[in-house]
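Report on the structure
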Amino acid sequence: MASEPVNVSEFQELARQALPKMYYDFYAGGAEDQQTLEENVKAFHRIIIRPRILVDVSRVDMSTTILGYNTSAPIMVAPTALHKLAHPEVATARAAAACGTIMALSFTSMCTVEEVASSCNAVRFFQLYVYKKREISALMVQRAERNGFKAIILTADTPRLGRREADIKNKMISPQLKNLEGLVSTEVHTDKGSNMEAFASRTLDASLCWKDIGWLKSITSLPILIKGILTREDAIKAVEVGVAGIVVSNHGARQLDYSPATITVLEEVILAVRGRIPVLFDGGVRRGTDIFKALALGARAVMIGRPIIYGLAAKGEDGVRRVLSMLKDELELTMALSGCCSVKDITRRHVMTEQDRLHC
Ligand code: FNR
């Protein structure tokens, strides 16, 4: 590609060219038939924007708050593992900070929480997996808290790892995770070529359930968000157990194939939550118009997964900055062309879903 990338899809192509196939496949791939992977993106295409005209949009303000923290736009960096296969997580952290967005650092980061915390000053959240050895997860929560992270995002859709066939074929190995050094034994880590799935099933606590939210609350004073909600039933439970927020997510379609495209269940969750806690959203966001649609359906903010990694792989820290800036520019333009001067102006009436069309 001779010219500079102008959208996420062009960054993806650059990332594909820049990375060894094994790493690109790890980042880009989904579970099994990848039906949900495809649908996460395509379901956005079926939502129509209903623009309003003759509104003074000479100034558009995208700023908002997430758990009370100011952000330049309703956009966050999703927690994604193993950035250092492309560039270290500190590069992502610096770019997120420069763009005024909150980064969620993955539990399976290759840089340590201390390195990320000292890389630059910014509001950050920490994503948590609960390991069979609970003391490892507890220690990670404490380290995050000590290093100024402002919230814990508990990923609850991963009692086991989804079947990612590209990783199986490529014999993708779990690399050493400096973040967990001294906590997870080298034996569990590498085991002479342990694959991702074997590593996950030896470490992840598949017995984790709703009552364990109490345990998590007992070990941290940070607000807790549950990530991986796809149904109204679980949204109601999350409100009942008293978490600070939830993330509608199917883990970027890497876990259960044929689970719903996230944008198709966002409204169900929003209606169940009834404004009691903020609802974040991720999965398939590739354009500013996608962000606008998720906000119109009730999300407080969206988290961006693969596009960040594509920027990182293509052009390091500057690539992440450019992906975030591009998405912000696209959102700002969408807002202006739809007659919305601020995030609060984006309403349910600004979109028409497939369901709406069936009922009208
Ligand atoms: C992820 N995701 C993820 N989620 C999480 O809670 N902890 C993690 O360590 C990871 N790791 C991870 C690695 C890679 C390579 C990807 C692509 C995704 C899921 C992530 O947080 C988010 O839910 C999705 O990436 C959102 O979908 P998009 O934006 O990638 O379509």
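Per an unreviewed UniProt entry, the protein chain goes by the name (S)-2-hydroxy-acid oxidase and belongs to Olea europaea subsp. europaea. UniProt, in its Sequence similarities (unreviewed entry) section for the protein chain, records the words "Belongs to the FMN-dependent alpha-hydroxy acid dehydrogenase family." Quoted straight from UniProt, the Subcellular location (unreviewed entry) entry for the protein chain says "Peroxisome".

Before going further, it helps to spend a moment on the overall build of the protein chain. Secondary structure assignment for the protein chain yields 15 helices and 12 strands. The globule rule puts the C-alpha radius of gyration for 360 residues at 21 Å, and the 19 Å found for the protein chain is close to it. Seen through its C-alpha atoms, the protein chain measures out along the principal axes to roughly 65 × 55 × 40 Å. Within the protein chain, the fraction of its 360 residues that count as buried is 51%. Look at the contacts in the protein chain between residues 6 or more apart in sequence, and 72% of them connect residues 24 or more apart.

Our focus in this paragraph is the pairing of strand 8 (residues 224-229). The buried count for strand 8 comes to six of six residues, which makes it a mostly enclosed element. Here four bridges tie strand 7 (residues 151-155) to strand 8, and the two strands are oriented parallel to one another. Of the residues in strand 8, the one forming a bridge with I153 is L225. The sheet contact formed by strand 8 and strand 9 (residues 245-248) spans four bridges and is parallel. Bridge pairing in strand 9 places I226 opposite I246.

Read around the closed barrel, eight strands run 4-5-6-7-8-9-10-11, paired in parallel fashion. Going from strand to strand, the sheet's axes swing by 30° on average, the running direction of each strand aside. Relative to the sheet, helix 4 (residues 89-98) contacts strand 4 (75-77) and strand 5 (102-105), its axis offset from that of strand 5 by approximately 160°. Lying over the sheet, helix 6 (residues 134-146) contacts strand 6 (124-128) and strand 7, oriented at roughly 180° with respect to strand 6.

A few words now on the packing of helix 11 (residues 232-240) against helix 12 (residues 262-273). Where helix 11 meets helix 12, the closest approach of the two axes is 8 Å, and the angle between their N-to-C directions is 35°. Remark: the crossing between helix 11 and helix 12 carries right-handed chirality. Counted together, R232, A235, I236 and V239 of helix 11 and E268, V269, A272 and V273 of helix 12 form the full contact between these two elements. Taken together, the residues of the contact of helix 11 with helix 12 sort by class into six nonpolar, no polar and two charged.

The next point concerns the pairing of strand 10 (residues 279-282). Both faces of strand 10 are covered, namely the face carrying V279 and F281 and the face carrying L280 and D282. As judged from the three bridges shared by strand 9 and strand 10, these two strands associate in the parallel manner. Bridge pairing in strand 10 links I246 to V279. In this view, the connection linking strand 9 to its parallel neighbour strand 10 by way of helix 12 has right-handed handedness. As judged from the three bridges shared by strand 10 and strand 11 (residues 301-304), these two strands associate in the parallel manner. Looking at the pairing, D282 lines up with M303 of strand 11. Note on the crossover from strand 10 through helix 13 (residues 288-296) to strand 11: the handedness is right-handed.

Analysis parameters
- Residues numbered from 1 in each chain as written.
- Predicted model: local features only at pLDDT ≥ 70, side-chain atom pairs only at ≥ 80, totals over all residues.
- UniProt positions renumbered as here; feature names shortened; annotations may be inferred.
- Helix = DSSP H or I, 4+ residues; strand = E, 2+ residues; numbered from the N terminus.
- Rg over C-alpha atoms; globule rule 2.2 N^0.38 Å.
- Buried ≥ 20, exposed ≤ 12 C-beta atoms within 10 Å, placed from the backbone.
- Contact = placed C-beta atoms within 7 Å.
- Pairing = 2+ DSSP bridges.
- Axes fitted to C-alpha atoms, helices over the stretch in contact; angles between N-to-C directions.
- Left-handed = near helix turned anticlockwise from the far one by under 90°.
- Nonpolar A, V, L, I, M, F, W, Y, C, P; charged D, E, K, R; others polar.
- Right-handed = clockwise from strand over helix to strand, strands pointing away.

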